[in-house]
Amino acid sequence: KKSSDQSDSPAKSNFRSLCSLLIPAGLIFLVGNIVGCIVFSRFSLVAEQIAHDSQDFVGWKRPFIRADELNVEFAAHGDKIEKKVLVKRGEIPHLNQFAIVEIKPGQVATENVHFDMSEVFYVVSGSGLFLYDGSEHAISAGDTIRAMPTHSHEIANPQENSENLVLMVLAVAHDCPSTSKLRTSQFGKGAPSKEATRPLDPKR
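Please read all numbers here as calculations on a predicted model, not as lab measurements.

Student: Run through the side chain of glutamine 97, naming residues and quoting values.
Tutor: Looking at the secondary structure, you find glutamine 97 in strand S3 (residues 95-103). Engagement of the side chain of glutamine 97 in a polar contact is seen with the side chain of lysine 83, the distance being 2.8 Å. What glutamine 97 contacts, discounting residues up to four positions off in sequence, is Lys83, Val85, Val87, Val169, Leu170 and Ala171.

What follows is the structure, encoded as structure tokens:
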């Protein structure tokens, strides 16, 4: 029995030695992976932020644009409100979007709030109603509206109108530069409650 214990002793000793090597190595590997992930995420975020004078912006490569050559898209707010995006996010520093929007009679660009950008609306033609923080305003060709961050806004073209309400929309990002993925959610805490605002009725 004594000789059996003695023969087992080297095996146990080797196992303990192996464990004493593997455990620290495993911890070093784990810590290294965590640090590597943190460093990589930092560098990847920096890489996504293009300098303002960088020629990687599409604006350097495509200075001329024709609206009639662009595809029709739908606005994020409202039911199938058509738009053509002349400049998209990431193409020009700070610019989130520059678009032509057409709101047909009876359509509403539903209430929304932005926390990280401002929008400028210029009425090209037609007339309609603009709800800004619950206050209703009649708008027509030549009007300019500046929708500042945290202020709710909604646009409607009343049903009885005979022509489309056409607007130029300029959305300016507040982050620097506009290609950063660190932007906050456009719809988050701080938006006015639906009870606090009165939606527009395009059919009246």
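Student: Run through the pattern of salt bridges, naming residues and quoting values.
Tutor: Applying the stated criterion across every chain yields a total of 3 salt bridges. With its nearest N and O atoms 2.7 Å apart, the salt bridge here joins aspartate 68 to arginine 66. Between lysine 104 and glutamate 82 there is a salt bridge, with its nearest N and O atoms 3.9 Å apart. You can see lysine 104 sitting in the loop between S3 and strand S4 (108-112) and its partner glutamate 82 sitting in strand S2 (residues 82-88), a full 22 residues away along the chain. Since its relative accessible area comes to 37%, lysine 104 is described here as partly exposed. Given a relative accessible area of 29%, glutamate 82 falls into the partly exposed group.

Student: Explain the pairing of strand S7 (residues 135-140) to me, using residue names and the numbers behind them.
Tutor: Where strand S6 (residues 127-132) and S7 come together, 6 bridges link them in antiparallel fashion. Along S7, the bridge assignment pairs tyrosine 132 with serine 135. Where S6 hands over to S7, the hairpin turn is made up of 2 residues, of which aspartate 133 adopts a positive phi near 55 degrees.

Student: Let's hear about the sheet that holds S4: which residues, and what values?
Tutor: Across the sheet, which stays open at both edges, the 4 strands sit in the order S4-S9-S6-S7 with antiparallel pairing between neighbours. Strands with a single pairing partner mark the edges of an open sheet, and in this sheet they are S4 and S7. Neighbour-to-neighbour, the strand axes of the sheet open up by a mean angle of 20 degrees, direction not taken into account. Relative to strand S9 (residues 153-156), S4 runs antiparallel, the two being bridged by 3 bridges. Across the sheet, the residue bridging to valine 108 is alanine 156, located in S9.

Student: How would you sum up the environment of alanine 99? Please name residues and give values.
Tutor: Within the secondary structure, alanine 99 is located in strand S3. Measuring from C-alpha to C-alpha, the distance between alanine 99 and valine 85 comes to 4.2 Å, with 14 residues separating the pair along the chain. Leaving out residues up to four positions away in the same chain, alanine 99 has contacts with Lys84, Val85, Leu86, Leu167, Met168 and Val169.

Student: Describe in detail the environment of threonine 144, supporting the description with residues and values.
Tutor: Inspection of the secondary structure assignment puts threonine 144 in strand S8 (residues 144-147). Counting along the chain gives 25 residues from threonine 144 to valine 169, while the straight-line C-alpha distance between them is 9.9 Å. Once residues within four sequence positions are removed from consideration, threonine 144 is found in contact with Val120, Phe121 and Tyr122.

Thresholds, definitions, all that
- Residues numbered from 1 in each chain as written.
- Predicted model: local features only at pLDDT ≥ 70, side-chain atom pairs only at ≥ 80, totals over all residues.
- Heavy atoms only, no water.
- Helix = DSSP H or I, 4+ residues; strand = E, 2+ residues; numbered from the N terminus.
- Polar contact = N/O pair within 3.5 Å; in protein donor to acceptor, adjacent residues only side chain to side chain.
- Contact = heavy atoms within 4.5 Å.
- Salt bridge = Lys/Arg side-chain N within 4 Å of Asp/Glu carboxyl O.
- Buried < 20%, exposed > 50% of the residue type's maximum accessible area, 1.4 Å probe, protein only.
- Pairing = 2+ DSSP bridges.
- Axes fitted to C-alpha atoms, helices over the stretch in contact; angles between N-to-C directions.

The analysis is restricted to geometry; functional conclusions fall outside its scope.
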